[in-house]
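Structure at a glance
Single-letter residue listing:
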Amino acid sequence: MTTQTPLPTVTRRRILRTTALLSASLALSAGSAAANPGKPNFGPSLYGDGKTWGTKGAAAIPGPNGKNDHSFDKLFAFTNGATGQLPVAEAAPGNPAFNGGRWYTHTATWTAAGLAAHNPLPVLTSSDDVHAEYEAGHLSITPGSPNPGDPPNFFECPLLPVKQ
């Protein structure tokens, strides 16, 4: 039986030391949102509850203040995911736990144990997938963006249905 480790506490030093790149899809999605603020992207930008979702312009917002901590959903941005891995939202529209598009970015990185256990790496599409791999010791999760400001640690961005 493995011991579950709580998510690590965030420190400024830890966030600044995190230099791994986001997956190409997140970089393109974030770059597109920054270049075209307010313009919808109905293409696949992230996974939530097993489905792909589009986005519309990410706007940085202040972090939780102790009274609104529950109003943010986690967004897991991968540094070394499988080909086709998009960021994974903790909840999406239709899920009663969805907070309407207020996000707290977390960096997800496959550990050596995870890389050894999966060949090839699976594409994770839900928070349940992320948490199962974390609990198995296959992912490390660090609060904050892999690259400071890309995406912001705290931001607002609605999810839109993907259109083909």
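Our subject is the structure that appears above.
First, a word on what this report is: a plain description of the structure on this page.

Rules of the game
- Residues numbered from 1 in each chain as written.
- Predicted model: local features only at pLDDT ≥ 70, side-chain atom pairs only at ≥ 80, totals over all residues.
- Heavy atoms only, no water.
- Helix = DSSP H or I, 4+ residues; strand = E, 2+ residues; numbered from the N terminus.
- Buried < 20%, exposed > 50% of the residue type's maximum accessible area, 1.4 Å probe, protein only.
- Polar contact = N/O pair within 3.5 Å; in protein donor to acceptor, adjacent residues only side chain to side chain.
- Contact = heavy atoms within 4.5 Å.
- Pairing = 2+ DSSP bridges.
- Arc of directions from axis to C-beta.

Observations concerning the side chain of H106
Mapping H106 onto the fold places it in strand β6 (residues 102-110). Look at H106 and you get buried, because its relative accessible area is 2%. Among the polar contacts made by the side chain of H106, one reaches the main-chain carbonyl oxygen of Y104 at a distance of 3.1 Å. Setting aside its immediate chain neighbours within four residues, H106 contacts K74, L75, F76, A77, I141, T142, P143 and G144.

Observations regarding unusual backbone geometry
Most of the time, phi is negative for any residue but glycine, and the peptide bond is trans. Cis geometry is found at the peptide bond from N119 to P120, where omega equals 5°. With respect to the helices and strands, the residue P120 is situated in the loop between α3 (112-117) and α4 (127-135). Of note in this structure, D49 is not a glycine but carries a positive phi near 55°. Tracing the backbone through its elements, the reader meets D49 in the loop between β1 (40-48) and β2 (51-56). By relative accessible area, which is 34% here, D49 ends up partly exposed.

Section: the environment of D49
Residues D49 and E90, 41 residues apart in the sequence, show an inter-C-alpha distance of 7.6 Å. For D49, the residues in contact, after removing those within four places along its chain, are E90, A91, A92, N95, T125 and S126.

Structural notes on the pairing of strand β7 (residues 139-143)
Regular strands have side chains that alternate between both faces of the sheet. The buried count for β7 comes to four of five residues, which makes it a mostly enclosed element. Note that β6 and β7 share five bridges and pair antiparallel. The residue of β7 that forms the bridge with A108 is I141.

Brief notes about α4
All of the buried residues along α4 are S127, V130, E133 and Y134. The arc that holds every buried residue of α4, seen down its axis, measures 130°, which confines them to one face. For α4, the secondary structure elements touched by its buried residues are β4 (73-78), β5 (88-89), β6 and β7. G137 occupies a position one or two residues after α4 and carries a positive phi of about 80°.

Topic: the pairing of β4
Burial analysis of β4 places five of its six residues in the buried class, the great majority of the element. Strand direction decides the pairing type here: β4 and β6, joined by six bridges, are parallel. The residue bridging L75 from the neighbouring strand is T105, located in β6. Here β4 runs beside β5; their pairing, made up of two bridges, is antiparallel. By the bridge assignment for β5, F76 is matched with V88.

Structural notes on the side chain of S127
Checked against the element boundaries, S127 lands in helix α4. Every residue in contact with S127, bar those within four places of it in the chain, is listed here: F76, V88, A89 and E90.

Focus on the environment of S127
On the accessibility criterion, S127 (8% relative accessible area) is buried. Once the C-alpha coordinates of S127 and G50 are considered, the two residues, 77 residues apart in sequence, prove to be 8.6 Å apart.

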